[in-house]
Structures are given as structure tokens and as C-alpha cells.
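Residues per chain are reported as follows:
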Amino acid sequence: MKYILMFVIGLLSFVIGVFGFYQIIGSIRIAIFQRKKRDTIEELGGRVRPISLILFTVLLWIIIIAFAIFAVHMWLPNYKVSAYIGFGIAFLLSLRAGKSKQDLMEAFNIKECP
């Protein structure tokens, strides 16, 4: 039973981490791209995502991940390692998340890539 619970906690923390870290990293990459190409995007009639929405997304997922870590730390201290491993794997996978520069150029209808 102990190993099953360890697996379940690791899997749940991995799933929470995948969704959370992908949202955080994706939002930051979009914000950086939009900041660099704001004039070009607006000239072509594209929408620029408001910074308040980006901050809300990042802060929401930071709170969710922090609460998940806190919950495991307080209520399931014997399974902290499996939760940390799940979050760690999710974080490492999410470092390559997001669209490439070429994909972003196409998404915002920018023809030339400087």
C-alpha cells in the first residue's frame, strides 16, 4: 500500500507540475515575445495579450504549486520525496515548452523574421 500511495502522489505532483510549469513558462515566453514585437503585432492587427492576464496566470499557478508542495509537506511528510521527484521531472520537461520563434511569428501573422 505504501508504494501505491507513493506512486499516486508522485503521479499527481507530476500532473500538477506539468500543467503549472507549462502555463508559467509559456506565459513568460509569450510576454517576452510580445514585448519585443509589440509594434509589428499591432500594425498587422494582431491582439497583444494584456500583462495583467499574464501575471494572473503566472501567480495562480505559483499558488497552486506552492499549495500542493505545502499540502504534501504538512499532511504526507513520508511521501515528500516522491512529490519532489514528480515536480522535478515536470519542471525539467517544461523547460523545452512553448512555441519556437518561428511558430510565434506565424501565430501573430508576422511575415519576416529579423
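Parameters and conventions
- Residues numbered from 1 in each chain as written.
- Predicted model: local features only at pLDDT ≥ 70, side-chain atom pairs only at ≥ 80, totals over all residues.
- Heavy atoms only, no water.
- Helix = DSSP H or I, 4+ residues; strand = E, 2+ residues; numbered from the N terminus.
- Buried < 20%, exposed > 50% of the residue type's maximum accessible area, 1.4 Å probe, protein only.
- Contact = heavy atoms within 4.5 Å.
- Areas by Shrake-Rupley, 256 points an atom, 1.4 Å probe, with all protein chains shown as cover.
- Phe/Tyr/Trp six-rings, centres within 6.5 Å; stacked < 30°, edge-to-face > 60°.
- Expected span 1.5 Å × (residues − 1).
- Core = buried A, V, L, I, M, F, W, Y, C linked by side-chain atoms within 4.5 Å.

Trainee: What is the right way to look at the overall build of the protein in this model?
Mentor: Within the protein one finds 4 helices and 0 strands. The secondary structure elements of the protein, listed N-terminal to C-terminal, are α-α-α-α. Counting every position in the protein, which comprises 114 residues, the buried fraction comes to 32%. Taking the intrachain contacts of the protein between residues at least 6 apart in sequence as the baseline, contacts between residues at least 24 apart amount to 69%. Accessible area of the protein: about 8,100 Å², with a carbon and sulfur share of 69%.

Trainee: How should the packing of aromatic side chains be read in this particular structure?
Mentor: Two numbers describe a pair of aromatic rings. These are the distance of the centres and the angle of the planes. Tallied over the entire structure, the rule returns 3 aromatic pairs. Relative to Trp-75, the ring of Phe-67 has its centre 6.5 Å away and its plane inclined at 65°; by these criteria the two rings are edge-to-face. Trp-75 gets classed as exposed once you look at its relative accessible area, which sits at 59%. With centroids separated by 6.2 Å and ring planes inclined at 75°, the aromatic side chains of Phe-70 and Trp-75 adopt a geometry described as edge-to-face.

Trainee: Looking at this structure, I do not really get helix α2 (residues 51-75). What am I missing?
Mentor: Since the α-helix packs 3.6 residues into each turn, any two residues three or four apart lie on the same face. Taking 1.5 Å as the rise per residue, α2 with 25 residues should run 36 Å; its terminal C-alpha atoms sit 36 Å apart, in good agreement. What α2 keeps buried is the set Ile-54, Thr-57, Val-58, Trp-61, Ile-65, Ala-68, Ala-71 and Val-72.

Trainee: Is there a simple way to think about the nonpolar core in this case?
Mentor: Buried together is how nonpolar side chains tend to be arranged in soluble globular proteins. Among the nonpolar cores identified, the biggest contains 8 residues, and these are Phe-21, Ile-24, Val-58, Trp-61, Ile-65, Ala-68, Phe-87 and Ala-90. Mapped by element, the contributors of at least two residues to this core are α1 (2-43), α2 and α3 (80-94). It is α2 that contributes the most residues to this core, 4 residues altogether. Leave out the neighbours within four places in its chain, and Ile-65 touches Ile-16, Gly-20, Phe-21, Ile-24 and Phe-87.

Take it as geometry only, folks, not as evidence of what the structure does.
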